[in-house]
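These are the residues of each chain, in order.
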Amino acid sequence: MSGIINQTGSRSGTIGRTEGGFTKMLAQSSLGTGEFYQVFTGGFGQYHVVISNLTPTTDDVAFYLRLLNTADGVISTSDYRQSTGGSYNNSGGTSNDQVRGLWNGSRWEITPAGANVGSGNDRGMHATLTFYNPLSTKFYCYVSGLVVMMSQAGASIRTSHFSGVYNSGTAAAGFKLYPSSGSLAQGQVSVYGMGLPDLA
């Protein structure tokens, strides 16, 4: 499976090094298909994901997020729910009424509400996401975080708080980032384990 990222693939950084309470699981700048296998298997209850300059090959697209199961398959059942609220600022002023919701969809959308991502080097999306108890089959997997970017046309800066839940007791060992069309051109993704052991 060419281009798939896992813990045995090409990467930079030191795996398993404790850094101020965070244990680095993955640091990757060659994103391939955006599938990150087995990164939630370090024995932690929470995982912190840092995404920098995520840029698509196709202009004016949204970015989606799905979970991967313990067999590395994409979880695409209609159990994804989310709430997103944000704001933007441009030469005309500021608005804080940018919202998006999803109930029982097949993936989360992490693009800031109200705009899409551009393919230029200065149009990439940046985010910090925390996944809670992804491997648990008793407790649902929640995710929350902050996303920021310039709009596709460069006319505004946008930020959103994203929160989601996978409404099923399915264990997730990884995740997939992908655009609504085209593929990933560039970006950096780091994954850190933190907290107490995962709840069963």
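Residues numbered from 1 in each chain as written. Predicted model: local features only at pLDDT ≥ 70, side-chain atom pairs only at ≥ 80, totals over all residues. Heavy atoms only, no water.

J.: Any chance you could explain the overall build of the protein chain here in plain terms?
T.: The number of helices and strands found in the protein chain is zero helices and 14 strands. The order of α-helices and β-strands along the protein chain, N terminus first, is β-β-β-β-β-β-β-β-β-β-β-β-β-β. Residues counted as buried form 46% of the 200 residues belonging to the protein chain. A separation threshold of at least 6 residues defines the contact pool for the protein chain, and within that pool the share at least 24 residues apart is 72%. Per element, the accessible surface of the protein chain, about 8,600 Å² overall, is 49% carbon and sulfur. (Helix = DSSP H or I, 4+ residues; strand = E, 2+ residues; numbered from the N terminus. Buried < 20%, exposed > 50% of the residue type's maximum accessible area, 1.4 Å probe, protein only. Contact = heavy atoms within 4.5 Å. Areas by Shrake-Rupley, 256 points an atom, 1.4 Å probe, with all protein chains shown as cover.)

J.: Just to check I follow, could you spell out the side chain of threonine 55 for this structure?
T.: Turning to its location among the elements, threonine 55 is positioned in strand E4 (residues 46-56). By relative accessible area, threonine 55 is classed as buried at 1%. Contact partners of threonine 55, with chain neighbours within four places excluded, come to Phe63, Gly118, Ser119, Gly120, Gly124, Leu184, Ala185 and Gln186.

J.: What should I look at first to understand the nonpolar core in this one?
T.: As a rule of thumb, nonpolar side chains are buried together in soluble globular proteins. Counting residues in hydrophobic clusters, the biggest one holds 36 residues, and the most contacted among them are Leu67, Trp108, Phe131, Phe175, Leu177, Val189 and Val191. Of all the elements in the fold, those that place two or more residues in this core are strand E2 (22-28), E4, strand E5 (63-69), strand E10 (125-132), strand E11 (141-150), strand E12 (157-166), strand E13 (172-179) and strand E14 (184-194). Every residue in contact with leucine 177, bar those within four places of it in the chain, is listed here: Thr33, Gly34, Phe36, Ile51, Leu54, Tyr64, Leu65, Ile110, Leu184 and Val189. (Core = buried A, V, L, I, M, F, W, Y, C linked by side-chain atoms within 4.5 Å.)

J.: Which parts of the structure should I look at to understand the pattern of salt bridges?
T.: When the charged atoms of two side chains lie near each other, side chains of opposite charge can form a pair. Across all of its chains, the model carries three salt bridges by this definition. The partner of lysine 176 in a salt bridge is glutamate 35, with the nearest N and O atoms 3.3 Å apart. Taken together, the residues span a long stretch of sequence, with lysine 176 in strand E13 and glutamate 35 in strand E3 (residues 35-36) at a distance of 141 residues. Taking relative accessible area as the criterion, glutamate 35 reaches 10% and is therefore assigned buried. Between glutamate 109 and arginine 100 there is a salt bridge whose closest N-O contact spans 3.2 Å. For arginine 100, a relative accessible area of 19% puts it in the buried group. (Salt bridge = Lys/Arg side-chain N within 4 Å of Asp/Glu carboxyl O.)

J.: I'm lost on a nonpolar patch on the surface in this one. Help?
T.: A contiguous nonpolar surface patch, about 290 Å² in accessible area, is contributed by Tyr132, Tyr140 and Tyr142. Take tyrosine 142: it is sitting in strand E11. (Patch = residues over 30% accessible without salt bridge, like charges linked within 9 Å, V, L, I, M, F, W, Y side chains within 5 Å.)

J.: Teacher, can you tell me more about the pairing of E10 here?
T.: Both faces of the sheet carry side chains from a regular strand, because those side chains alternate between them. Relative to E10, E4 runs antiparallel, the two sharing seven bridges. Residue pairing in the sheet places isoleucine 51 in a bridge with alanine 127 of E10. When E10 meets E11, the two strands line up antiparallel, connected through seven bridges. Each residue of the ladder has a partner; that of leucine 129, found in E11, is glycine 145. (Pairing = 2+ DSSP bridges.)

J.: I tried to follow the confidence of the model for the protein chain on my own but got confused; where do I start?
T.: Note that predicted coordinates carrying low pLDDT should not be read in detail. Chain-level pLDDT for the protein chain is 86 on average; 88% of the residues reach the 70-or-more range. In the model, residues 1-20 has pLDDT below 50 throughout and makes 44 contacts with residues more than four positions away in sequence or in other chains. (pLDDT = per-residue confidence, 0-100.)

J.: Any chance you could explain the environment of serine 144 here in plain terms?
T.: Here serine 144 lies in strand E11. Given the relative accessible area of 19%, serine 144 is considered buried. A C-alpha to C-alpha distance of 7.4 Å links serine 144 and histidine 161, two positions 17 residues apart in sequence. When sequence neighbours within four positions are dropped, the list of residues in contact with serine 144 reads Thr128, Leu129, Thr130, Tyr132, His161, Phe162 and Ser163. In this structure the side chain of serine 144 is engaged in a polar contact, spanning 3.3 Å, whose partner is the side chain of tyrosine 132. (Polar contact = N/O pair within 3.5 Å; in protein donor to acceptor, adjacent residues only side chain to side chain.)

J.: Help me understand the packing of aromatic side chains, please; the structure alone is not making it clear to me.
T.: Aromatic ring pairs are defined here through the distance separating the ring centres and the angle between the ring planes. Under the criterion given, the structure shown has eleven aromatic pairs. Ring geometry for phenylalanine 22 against tyrosine 192: centres 6.0 Å apart, planes inclined by 90°, an arrangement best described as edge-to-face. Residue phenylalanine 22 is found in strand E2, and its partner tyrosine 192 is found in strand E14; the two are separated by 170 residues along the sequence. Overall, the relative accessible area of 29% leaves phenylalanine 22 in the partly exposed class. Consider the rings of phenylalanine 40 and tyrosine 47, whose centres lie 5.1 Å apart with planes at 40°: the pair is tilted. Residue classification places phenylalanine 40 among the buried positions, given a relative accessible area of 0%. Every member of this aromatic cluster is reached through a ring pair, and the members are Phe36, Phe40, Phe44, Tyr47, Phe131 and Phe175. Geometry around tyrosine 64 places arginine 107 over its ring, the cationic atom sitting 3.8 Å from the centre. The cationic tip of arginine 158 hangs over the ring face of tyrosine 88; the distance from NZ or CZ to the ring centre is 4.4 Å. (Phe/Tyr/Trp six-rings, centres within 6.5 Å; stacked < 30°, edge-to-face > 60°. Lys NZ or Arg CZ within 6 Å of the ring centre and 35° of its normal.)

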